[in-house]
Amino acid sequence: MRLRSLQIILWIAATAAVVAFSAMRWWPATDDSAAAASAFNPAFALADSEGSIRTTAEFRGKFLLVFFGFTSCPDVCPTTLFDVSQVYKALGRDGDKVGAFFVSVDPERDTPEVLRGYVTAFDPSFIALRGDASSTAAMAKEFKVFFQKVPTSGSYTMDHTAGSFVFDPQGR
């Protein structure tokens, strides 16, 4: 039992460290950094892989993790989703208190079917969101996330912010 508790604490600490590092890169250090952090309260309304519009408001009362990526990503996206799935497993029943969203920055290739298969391969409770180019750009702007299409020989890849966003049950 003590080993399981230690594992859970370590997973939560590792996730918190990743989130804290990401936050430090985006929020400038000021005397009023606590106020700046509490002012960051982005909202969204995008379709999930089933076509239902999902919003930030419906997850009030739960912890919320938001990650931007794409299903053809060779490294950061699958690694992050795997890590989050391991945290869910370590949380056991408490995993129900967390909502995890994967937001596609590549709606051209990430169809609802592709997204559904991709995120549920990591955990069946993960939710994939996608919009058209305009709504994806608007959500990324709201979260201060960078992404862009990068041509490769005969195809393309996506550069994107690799940090995760974690919100408490009050949406902060």
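For the structure itself, consult the block above.
Residues numbered from 1 in each chain as written. Predicted model: local features only at pLDDT ≥ 70, side-chain atom pairs only at ≥ 80, totals over all residues. Heavy atoms only, no water.

A.B. asks: Outline the sheet that holds strand β5 (residues 127-130), supporting the account with residue identities and numerical values.
C.D. replies: Adjacent strands of a sheet form backbone hydrogen bonds with each other and so pair up, either parallel or antiparallel. Pairing within the open sheet is mixed, and its 6 strands lie in the order β2-β1-β5-β4-β3-β8. Since the sheet does not close on itself, it has two edges, and those belong to β2 (53-55) and β8 (164-167), each with one partner. Pairwise comparison of adjacent strand axes, ignoring direction, gives a mean angle of 35° for this sheet. In terms of strand pairing, strand β4 (residues 98-104) meets β5 through 3 bridges, oriented parallel. From the neighbouring strand, phenylalanine 101 faces β5, where its bridge partner is isoleucine 127. Against the sheet, helix α4 (residues 112-122) makes contact with β4 and β5, and its axis sits at roughly 150° relative to β5, the strand it touches most. In the packing of helix α5 (residues 133-142) onto the sheet, contacts are made with β1 (45-48), β3 (63-69), β4 and β5, and the angle to β3 comes to roughly 125°. (Pairing = 2+ DSSP bridges. Helix = DSSP H or I, 4+ residues; strand = E, 2+ residues; numbered from the N terminus. Axes fitted to C-alpha atoms, helices over the stretch in contact; angles between N-to-C directions. Contact = heavy atoms within 4.5 Å.)

A.B. asks: Tell me about empty space enclosed by the protein, and please be specific about residues and values.
C.D. replies: This structure, assessed with the given rule, holds 2 cavities of 30 Å³ or more. Here the largest cavity defines a volume of roughly 40 Å³. As for the largest cavity, its lining consists of Leu65, Leu81, Val84, Ala100, Phe101, Phe102 and Phe126. Broken down by secondary-structure element, the contributors of at least two residues to the lining of the largest cavity are α3 (76-91) and β4. Here the element with the most residues in the lining of the largest cavity is β4; it accounts for 3 residues. (1 Å grid on protein atoms, 1.4 Å probe; cavity = no way out; pocket = protein on both sides within 12 Å on 5 of 7 lines; lining within 4 Å. Points joined across faces, edges and corners; volume = space filled by probe spheres on them.)

A.B. asks: Account for unusual backbone geometry, naming residues and giving values.
C.D. replies: At lysine 144, a residue that is not glycine, the phi angle is positive and equals roughly 60°. Tracing the backbone shows lysine 144 in the loop between α5 and β6 (147-152). Note on lysine 144: relative accessible area 43%, which makes it partly exposed. (Buried < 20%, exposed > 50% of the residue type's maximum accessible area, 1.4 Å probe, protein only.)

A.B. asks: Could you give an account of the environment of tyrosine 156, with specific residues and numbers?
C.D. replies: Residue placement: tyrosine 156 occurs in strand β7 (residues 155-160). Spatially, the C-alpha atoms of tyrosine 156 and serine 72 are 9.9 Å apart, while their sequence positions differ by 84 residues. Residues within four places of tyrosine 156 in sequence aside, it is in contact with Asp106, Glu108, Arg109, Lys149, Val150 and Pro151. A polar side-chain atom of tyrosine 156 sits 3.2 Å from a polar atom in the side chain of arginine 109. (Polar contact = N/O pair within 3.5 Å; in protein donor to acceptor, adjacent residues only side chain to side chain.)

A.B. asks: I'd like a rundown of the state of the cysteines, residues and numbers included.
C.D. replies: Enumeration over the complete set of coordinates arrives at 0 disulfides. Sulfur of cysteine 73: no disulfide; nearest cysteine sulfur belongs to cysteine 77 and is 3.2 Å away. When its relative accessible area of 0% is taken as the criterion, cysteine 77 is described as buried. (Disulfide = S-S within 2.5 Å.)

A.B. asks: Could you give an account of the pattern of salt bridges, naming the residues involved and the relevant values?
C.D. replies: One pass over the full model with this rule turns up 7 salt bridges. Arginine 116 is paired through a salt bridge with glutamate 50; the nearest N and O atoms lie 2.5 Å apart. One end of the pair, arginine 116, is in helix α4; the other, glutamate 50, is in the loop between β1 and β2, with 66 residues separating them in the sequence. Taking relative accessible area as the criterion, arginine 116 reaches 28% and is therefore assigned partly exposed. What makes glutamate 50 exposed here is its relative accessible area of 56%. Residue arginine 172 pairs with aspartate 168 through a salt bridge whose shortest N-O separation is 3.0 Å. One network of salt bridges, in which partners are shared, links Asp48, Arg54 and Glu58. (Salt bridge = Lys/Arg side-chain N within 4 Å of Asp/Glu carboxyl O.)

Geometric descriptors of this kind do not, in isolation, establish any biological role.
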